[in-house]
Amino acid sequence: MIEYLVLYQSESGNTKKIAATIFSHLPGTSKDLIDITTDKTIPEARVYFIGFCVHRGSCSMAVSDFLSGLSGKQIALFGTCGMGDSPEYYSAIEYSANAWIESDNDYLGAFICQGKMPHRVRQKYEALRTDKNASQINLCIRNFDAALTHPDSLDLEHAKVFVEKILRKIKAED
Ligand SMILES: Cc1cc2nc3c(=O)[nH]c(=O)nc-3n(C[C@H](O)[C@H](O)[C@H](O)COP(=O)(O)O)c2cc1C
């Protein structure tokens with residue numbers, strides 16, 4: 001059994017960036033970084049960092065199935081979503097994913113940040129804009145444009161701080 005496993009699902013690469021940052025800040029060599037869509041056998045670990053891209057407000061079934069199969073593990077979550085700077089929304093995402101974790105595990109917390117979205121999303125907003133909904137749609141377009149640079153270096157720094165916090169938590173519990 002290895003010490004740390006960073007397992008992630010990322011369709012356009014944003015969550016993969018966070019996964020790589022988390023992996024590089026985990027100590028020692030007893031660790032692995034794996035895309036959940038791999039054909040490789042997923043090794044058993046003591047501590048899991050499980051990441052996902054947010055689709056329709058939550059993680060995919062591949063991730064929720066994996067989470068619900070874990071027992072007696074220490075588990076931290078991370079994810080990226082299109083919405084920027086919204087602690088309430090990030091909490092809702094966290095709760096919708098950590099609900100899959102059985103209570104015999106030790107849930108350690110979550111890190112969520114913004115990630116750029118495909119251009120078709122902006123085109124959809126533009127197509128939907130009318131005189132009536134323009135202010136709402138313009139907000140969505142502003143959020144889309146702000147997302148284009150994310151995850152940025154500050155997001156990666158925050159991911160590193162998250163790892164340090166989780167490691168301290170694990171140490172305190174040992
Ligand atoms: C089909 C689809 C659904 C999405 N649903 C949401 C959503 O519900 N909430 C949100 O904030 N972002 C949503 N997004 C944006 C993604 O969560 C965001 O771009 C994320 O960083 C993608 O991560 P990835 O590059 O690791 O795949 C969606 C994107 C796609 C393509």
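Each chain has its residues counted from 1, following the order in which its sequence is written. Owing to the predicted nature of the model, reporting of local features is limited to residues with pLDDT of at least 70; listing and counting of side-chain atom pairs is limited to 80 or more, with chain, interface and lining totals taken over all residues.

(A) The overall build of the chain, seen in detail. Secondary structure summary: the chain contains six helices and five strands in total. Secondary structure elements are defined from DSSP: runs of H or I of at least 4 residues count as helices, runs of E of at least 2 residues count as strands, and each element is numbered from the N terminus. Helices and strands in the chain line up, N terminus first, as β-α-β-β-α-β-α-β-α-α-α. Taken over the C-alpha trace, the chain has a radius of gyration of 17 Å; the compact-globule value for 174 residues is 16 Å, and the two agree within 12%. Each of the three principal axes of the chain carries a C-alpha extent, and together these read 60 × 30 × 30 Å. Within the chain, buried positions represent 33% of all 174 residues. When contacts within the chain are restricted to residue pairs at least 6 apart in sequence, those whose partners lie at least 24 apart make up 79%. Note on method: radius of gyration uses C-alpha positions; expected globular size equals 2.2 Å times residues raised to 0.38. Comment: burial labels come from other C-beta atoms within 10 Å of the residue's own C-beta, placed from the backbone, where a count of 20 or more is buried, 12 or fewer is exposed, and between is partly exposed. Contact between two residues is assigned when their C-beta atoms, built from the backbone, lie within 7 Å.

(B) Focus on the site of the ligand. Of all residues adjacent to the ligand, which total 20 residues, the nearest are Ser10, Thr15, Cys53, Gly82 and Gly115. Contributions of two or more residues to the shell around the ligand are made by helix H1 (14-24) and strand S4 (74-81). With three residues, H1 is the largest single contributor of residues to the shell around the ligand. When the residues that make up the shell around the ligand are grouped by side-chain class, the tally is six nonpolar, 10 polar and four charged. Nearness rests on one distance test: the residue's C-beta atom, set from the backbone, must lie within 6 Å of the molecule or strand. Under the convention adopted here, Pro, Cys and the residues Ala, Val, Leu, Ile, Met, Phe, Trp and Tyr are nonpolar, Asp, Glu, Lys and Arg are charged, and Gly plus all remaining residues are polar.

(C) Region of interest: the domain arrangement of the chain. Boundary definitions for the domains trace back to an automatic or database domain assignment. Domains assigned within the chain are domain 1 (2-115 + 150-173) and domain 2 (117-149). Placing a centre on the C-alpha atoms of domain 1 and another on those of domain 2 gives a separation of 28 Å. The partner domain 2 presents six residues to the eight residues of domain 1 that form the contact. The residue inventory of the side of domain 1 that touches domain 2, partitioned by class, reads one nonpolar, six polar and one charged.

(D) Inspection of the sheet that holds strand S5 (residues 106-114) at higher detail. Pairing between two strands is assigned when DSSP locates at least 2 bridges connecting them. A sheet is described by the order of its strands in space; here five strands give the open sequence S2-S1-S3-S4-S5, paired in parallel fashion. What marks the edges here is a single partner per strand, and that holds for strand S2 (31-35) and S5. Ignoring strand direction, the axes of neighbouring strands in this sheet form an average angle of 15°. Its contacts with the sheet place helix H6 (residues 153-173) against strand S3 (45-53), S4 and S5, and it is angled at close to 175° to S5. Orientation is described by lines fitted to C-alpha atoms, with helices fitted over the stretch in contact, and by angles between N-to-C directions that extend from 0 to 180 degrees.

(E) Inspection of the nonpolar core at higher detail. Note on definitions: a nonpolar core is a set of buried residues drawn from Ala, Val, Leu, Ile, Met, Phe, Trp, Tyr and Cys, linked by C-beta atoms within 7 Å. Ranked by internal contacts, the top residues of the largest apolar core, which has 38 residues, are Val6, Ile22, Tyr48, Phe49, Ile50, Ala76 and Phe78. Contributions of two or more residues to this core are made by strand S1 (2-8), H1, S3, helix H2 (61-68), S4, helix H3 (87-98), S5 and H6. Filtering out sequence-adjacent residues up to four positions away, alanine 76 remains in contact with Phe49, Leu108, Gly109, Ala110 and Ile166.

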